[in-house]
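The lines below spell out each chain.
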Amino acid sequence: ASPCLPGNTSPTEVLCKVVARKPANRLQRLGATALFISAKIHELGSKDPRFPKAKKFVQMLDIPDFHWKHLVRAEGTLLRIISFNLCSPTAVSFASAYGLVVDNPTILKLANYLLDLALLAHCALEFTPSNLSAAAFLAAVEMIP
């Protein structure tokens, strides 16, 4: 089964479409490199023996004149360009930090619930994750005696 199924709107599909284009070009190689990095982070992890090594990954892509050494070099270049900044902080990551200060699991659960509700509110997009988390904790502290 191909991860590039019709109707799938995930970033993986977008990258699959980029990688699937012929002839191979720099954008295709960039897409393959981004997919490789993303798979290392979000899938099984590079230490897992089931995770395909660079050599096998390049064979699966079937990009002409794209050697596994090119992939590894492109991976390093891409990571340096983005300064190894792979993940953006989320409201939940701030909530975890605030939860260390507040020694009340009920407040932490309520704050996380409020943050889950904020995901459904379009108007919450205008606020930074740290502000959302702080507001959720303030509301949780006010609600729980």
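Conventions we followed
- Residues numbered from 1 in each chain as written.
- Predicted model: local features only at pLDDT ≥ 70, side-chain atom pairs only at ≥ 80, totals over all residues.
- Heavy atoms only, no water.
- Helix = DSSP H or I, 4+ residues; strand = E, 2+ residues; numbered from the N terminus.
- Buried < 20%, exposed > 50% of the residue type's maximum accessible area, 1.4 Å probe, protein only.
- Areas by Shrake-Rupley, 256 points an atom, 1.4 Å probe, with all protein chains shown as cover.
- Patch = residues over 30% accessible without salt bridge, like charges linked within 9 Å, V, L, I, M, F, W, Y side chains within 5 Å.
- Salt bridge = Lys/Arg side-chain N within 4 Å of Asp/Glu carboxyl O.
- Axes fitted to C-alpha atoms, helices over the stretch in contact; angles between N-to-C directions.
- Parallel < 35°, antiparallel > 145°, perpendicular 65-115°, else oblique.
- Left-handed = near helix turned anticlockwise from the far one by under 90°.
- Contact = heavy atoms within 4.5 Å.
- Nonpolar A, V, L, I, M, F, W, Y, C, P; charged D, E, K, R; others polar.
- pLDDT = per-residue confidence, 0-100.

What is the right way to look at the overall build of the protein chain in this model?
Across its full length, the protein chain carries seven helices and zero strands. Seen in sequence order, the protein chain has helices and strands lined up from the N terminus as α-α-α-α-α-α-α. Burial analysis of the protein chain (145 residues in total) assigns 28% to the buried set. Counting only carbon and sulfur atoms, one obtains 63% of the accessible surface of the protein chain, whose full area is about 10300 Å².

What is the right way to read a nonpolar patch on the surface from this model?
A cluster of nonpolar residues, Ile41, Ile81, Ile82 and Leu86, forms a patch on the protein surface that exposes about 340 Å² of accessible area. Topologically, Ile41 is positioned in helix α2 (residues 26-42). A relative accessible area of 37% means that Ile41 is categorised as partly exposed.

I tried to follow the packing of helix α6 (residues 105-120) against helix α7 (residues 129-143) on my own but got confused; where do I start?
The packing of two helices is summarised by the inter-axis angle and the distance between the axes. Relative orientation of the contacting elements α6 and α7 amounts to 130 degrees, with a least axis distance of 8 Å. As far as their axial angle goes, α7 and α6 are oblique. In the crossing of α6 with α7, the sense of the turn from one axis to the other is right-handed. Of the residues in α7, those touching α6 at Ile107, Leu108, Leu110, Ala111, Leu114, Leu115 and Ala118 are Leu132, Ser133, Ala136, Phe137, Ala139, Ala140, Val141 and Met143. Of the residues that constitute the contact of α6 with α7, the class distribution is 14 nonpolar, one polar and no charged.

Explain the confidence of the model for the protein chain here, please?
As a general rule, the predicted coordinates of low-pLDDT regions are not to be interpreted in detail. Averaged over every residue, the pLDDT of the protein chain is 80; the share at 70 or more is 77%. Scored below 50 in pLDDT, residues 1-9 makes six contacts in the model with residues more than four places away or belonging to other chains.

Just checking my understanding: could you explain the packing of helix α5 (residues 91-101) against α7 for this structure?
Where α5 meets α7, the axes come as close as 8 Å, and the angle between the chain directions of the two elements is 50 degrees. Between α5 and α7, the angle falls in the class oblique. Crossing handedness for the pair α5 and α7: right-handed. From α5, Ala91, Phe94, Ala95, Tyr98 and Gly99 reach across to α7, where they touch Pro129, Ser130, Leu132, Ser133, Ala134 and Phe137. Considering only residue class, the contact of α5 with α7 consists of eight nonpolar, three polar and no charged.

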